[in-house]
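# Architecture and fold: a report
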Amino acid sequence: MRMLNYIVKRLMLLIPVLIGVSLIVFSLTRISGNPAAGYINDKMTPGQIQQVYEKYHFDEPIWTQYVYWAEGIIELDWGWSKTAALPVTEAITLFFPATLELTLVSMLLAVFVGIYLGIGSAVKRNKPFDHVTRVVSLIGVSLPIFWLALILQFFLSYQYSIFPYGDRLDDIYYINKSIPNITGLILIDSLLIGNMQMFFNGVKHIFLPAMCLSFGTVAIVTRIMRNSMLEVLNLDYIKTARAKGLNERTIIWKHARKNAMIPTITVVGLSFGGLLGGAVLTESIFSWPGLGKWSADSIREFDYNSVLGFCLLIACIYVLVNLVVDVMYAYLDPRVRLE
Amino acid sequence: MTDDNPKKDIPNADKKAIPEAKVPERKAKSNIFNIEGLTKEIEPRIRELKSSFLLFRENITAMIGLVLVLFIVIVAVCAPLICPPGLGDPMDMPKDIKPPKKPGSDGHILGTGHHGADMLYGIVWGARTSITTSLFVVLTGLLIGLVVGAIAGYYGGKVDNLMMRITDIFLSLPALILAMAIASILERNLQNMMLALIIVWWPSYARLIRAQVMSVKENTSVEAARAIGVKKSSILFKHIIPNSISPLIVSATMDIGSVVLVAAGLSYIGFGVNSGYAEWGRMISDGKDYFMLPVTYYGTSYVAWWVAVFPGIAILTFAMSFSLLGDALRDILDPRLRR
């Protein structure tokens, strides 16, 4: 019951944040020059232009404009995306699954690799494994992700053709139009229809982008996991477990890991924003047909509607993910007081 | 990277630099004309500084970070000596409008890049761009954050609530994406990119300093100052802020590296400077096409990998050195951590 109260309270707190974000995005649309420009082309008659002005209320005072704009946002009229030649909301639904798949896979990769490396590094403290892991994680946080992506793409897919170049599947699947659309996530869909060949093809295509995207997060997770693991290993209950004669494996992987993972979860949640930002760079390099590539293309095309729509969407996702992380945190660590 | 062997470092440092652990009594009010009193007041600080320096020297990673940072600064300062500029704007790389030449040919140590621009010149002068950009962004962000955070933390109540809600809104967008949104509606140049980065960066400093101020505010020293009737503003500026600034210094040092990473990302997707300007992100962006298209020059065909690789190494080194230095400063500036 207390948990439910907490969630409701946190959801209420989201409202001012979302209003604030919408204010920022709205003022950006109005600073960028004539907001009507996106709806007008040179084939229109003055009468049609007047209609556009009336339809979107560009003549009225700024506050009224905001109210109309916000209404539009709530009614899912996010404007026209020049880049995708679709309404922004439709473009988002079209591109979203690809980005979701990429971020989820990189998140999973980051969590598993990061936790494993962090634990290993803490257990083998000051041994070669630890040193190597720490150097790698240091490089991970200081590496420009788009540069890593370029280099990996050059060597692994262009020079040596180990991995395919671009897109989510081989061209043949697009030509045959044999891609199922159940959840939109190709890896899951291909498993659902039982097409293993397509699944492995998807894995091959997603591997490089996901690896690049997760590199920074792996570094952060490793670092946090190592520190919290070191802390936990010194606690009394671990000594008790050792005194009871439990074998070291059980102690580390069962007793210590669970508690050490609590701070890691927060970090993973927070790094989700970094992943979404990184997706813009990674997707445009690997021509991954997702939101990031679309927004990077929109930037080049000076297509404000798309860029701002993308930002608004990401803000909503990010805020919700943070909420989920906080709730999970409270659930996993009973000592956290819900206020 | 340095939190590892307290047992090895600290007893040594204690013996050499801190013979007595007694905390000398501090006068409530210093008198500048009283030299004896002044030296007495400064003495513990000097001792603190000395022991800090000693700890710093014993810490290998800290020294590596410091040496790298110094190296970058020296390269940036001595840029006109290392690579004498031509007649025009020194930030524009001199070029011969020819395909990229291999490293070592025709006196180009690192080869030439896009339009035949000298890579070494770009990297050396790019160090200037990176240092000025990141310092400007971090210092301005720090100043805004310091004022906002200190006022919010010290006065509390409604002011605090309002200011923290505002920072909440800014923090609810991932850094790269917010910067993208802001930069997308502005004219694309270096100044506007810095402006976008400042808008993105200040809220985290405000949060940090607020938390610090709120905890330092409860210290007995502050209470004593209040008891003897020191003005509110001078309590804030003379007693609270100096005592709460050290985590800010650490975070700012690390952020110098992160700002360069985000700036490089922004300039890669097309914000920031024009092609030909000595800026690392832009140089990678210019060089990426040469990965895919082998150039033919005087009958030989080759892939000009160096055009994108060298600027990336420069960014990596820059970010890594500041990250190392920041890590070391954290261990050293926080006396509670190290004793």
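Residues numbered from 1 in each chain as written. Chains lettered and ligands numbered in written order. Predicted model: local features only at pLDDT ≥ 70, side-chain atom pairs only at ≥ 80, totals over all residues.

Here the focus is the overall build of chain B. Helix and strand counts for chain B come out as 14 helices and 2 strands. The burial tally for chain B puts 43% of its 339 residues in the buried class. Put simply, 70% of the contacts in chain B that link residues at least 6 apart link residues at least 24 apart. (Helix = DSSP H or I, 4+ residues; strand = E, 2+ residues; numbered from the N terminus. Buried ≥ 20, exposed ≤ 12 C-beta atoms within 10 Å, placed from the backbone. Contact = placed C-beta atoms within 7 Å.)

Now for the overall build of chain A. Counting its secondary structure elements, chain A contains 13 helices and 2 strands. Reported as C-alpha extents along the three principal axes, the dimensions of chain A are approximately 85 × 55 × 40 Å. Burial analysis of chain A (339 residues in total) assigns 37% to the buried set. Of the contacts made within chain A by residues no fewer than 6 positions apart, 72% connect residues no fewer than 24 positions apart.

A word on the interface of chain B and chain A. At the interface, 36 residues of chain B touch 40 residues of chain A. Of all the secondary structure elements, the ones that give two or more residues to the side of chain B that touches chain A are helix H6 (157-171), helix H7 (175-185), helix H11 (246-268), helix H12 (280-292) and helix H13 (306-333) of chain B. Of the residues in the side of chain B that touches chain A, the class split is 25 nonpolar, 7 polar and 4 charged. (Nonpolar A, V, L, I, M, F, W, Y, C, P; charged D, E, K, R; others polar.)

Right, let's get into the confidence of the model for chain B. Interpretation of the predicted coordinates at a detailed level should be avoided for regions scoring low in pLDDT. Residue and element names in this part refer to chain B. With 86% of its residues at a pLDDT of 70 or more, chain B has an overall mean of 80. Scored below 50 in pLDDT, residues 1-18 shows 27 contacts in the model against residues more than four places distant or in partner chains. The ipTM value of the predicted complex is 0.82, and its pTM value is 0.82. (pLDDT = per-residue confidence, 0-100.)

Another aspect to go through is helix H5 (residues 128-142) of chain A. A rise of 1.5 Å per residue sets the reference length of H5 of chain A, with its 15 residues, at 21 Å; its end C-alpha atoms lie 21 Å apart and thus fit the reference within 8%. All buried positions along H5 of chain A are accounted for by Thr 133, Arg 134, Ser 137, Gly 140, Val 141 and Ser 142 of chain A. On its buried face, H5 of chain A is in contact with helix H4 (88-123) and helix H9 (196-233) of chain A together with H11 and H13 of chain B. (Expected span 1.5 Å × (residues − 1).)

This part is about unusual backbone geometry. All names here are of chain A. One non-glycine residue, Ala 85, adopts positive backbone phi at about 55°. Along the chain, the position of Ala 85 falls in the loop between strand E1 (80-81) and strand E2 (86-87). In this structure Ala 85 comes out as exposed when scored by C-beta crowding, with 8 C-beta atoms within 10 Å.

On to the packing of helix H1 (residues 2-31) of chain A against H6 of chain B. Packing of H1 of chain A against H6 of chain B leaves a shortest axis separation of 9 Å and a crossing angle of 65°. Of the possible angle classes, the one that applies to H1 of chain A and H6 of chain B is roughly perpendicular. Helix-helix and strand crossings are classified by hand; for H1 of chain A and H6 of chain B the assignment is right-handed. Residues Pro 16, Val 17, Gly 20, Val 21 and Ile 24 of chain A of H1 of chain A pack against Arg 165, Asp 168 and Ile 169 of chain B of H6 of chain B. (Axes fitted to C-alpha atoms, helices over the stretch in contact; angles between N-to-C directions. Parallel < 35°, antiparallel > 145°, perpendicular 65-115°, else oblique. Left-handed = near helix turned anticlockwise from the far one by under 90°.)

Let us look at the nonpolar core. Membership of the largest hydrophobic core comes to 162 residues, with the highest contact counts inside it found for Ala 149, Val 221 and Cys 311 of chain A together with Ala 179, Met 180 and Leu 197 of chain B. Top contributing element to this core by residue count: H13 of chain B, with 16 residues. With residues up to four places along the chain from it excluded, the contact list for Met 180 of chain B reads Val 280, Ile 299 and Val 307 of chain A together with Leu 266 of chain B. (Core = buried A, V, L, I, M, F, W, Y, C linked by C-beta atoms within 7 Å.)

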